[in-house]
Amino acid sequence: MFFGLAWYWWLVIMAVLASIPFKIKCMKWWRKRQQEKDSRRGKWGDDE
């Protein structure tokens, strides 16, 4: 096939490339969640 790679390696490469936007979205969501968590804790002190 292309560049001497078998067809299944192309499937692996495409799966990795397709997962990158989802990972970025998840990381942004997690960062926002952590910031909201920290801001709530700071408002009332460290007691929970």
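Because the structure is a prediction, the values reported are computed rather than measured.

Criteria and cut-off values
Within each chain, residue numbers correspond to sequence positions counted from 1 in written order. Thresholds applied to this predicted model are a pLDDT of at least 70 for local features of residues and 80 or more for the giving and counting of side-chain atom pairs; totals over whole chains, interfaces and linings are not thresholded and use all residues. Excluding hydrogens and water, the side-chain values take into account all heavy atoms of the structure. For the purposes of this entry, the term helix denotes a DSSP run of H or I that reaches at least four residues, the term strand denotes a run of E that reaches at least two, and both are numbered from the N terminus. When a residue's accessible area, from a 1.4 Å probe over protein chains only, is under 20% of the maximum for its type it is buried; when over 50% it is exposed; and in between it is partly exposed. Residue-level accessible areas treat just the shown protein chains as cover; the underlying method is Shrake-Rupley with a 1.4 Å probe. Any Phe, Tyr or Trp ring, taking Trp's six-membered ring, that has another such ring centre within 6.5 Å forms a pair; planes under 30 degrees apart are called stacked, those over 60 apart edge-to-face, and the others tilted.

Engineer: I keep staring at the overall build of the protein chain and nothing clicks. Help me out?
Structural biologist: Regarding its fold elements, the protein chain presents one helix and zero strands. Looking at the 48 residues of the protein chain, the share that counts as buried comes to 0%. A total accessible area of about 5,000 Å² is found for the protein chain, and carbon and sulfur atoms account for 67% of it.

Engineer: How should the packing of aromatic side chains be read in this particular structure?
Structural biologist: The geometry of an aromatic ring pair is captured by the separation of the ring centres together with the interplanar angle, meaning the angle of the planes. Throughout the structure, instances matching the rule amount to three aromatic pairs. Relative to Trp9, the ring of Tyr8 lies with its centre 5.8 Å away and its plane at 45 degrees, an arrangement referred to as tilted. Given a relative accessible area of 45%, Trp9 falls into the partly exposed group. Relative to Trp30, the ring of Trp29 has its centre 6.0 Å away and its plane inclined at 55 degrees; by these criteria the two rings are tilted. The exposure class assigned to Trp30 is partly exposed, which follows from its relative accessible area of 43%.

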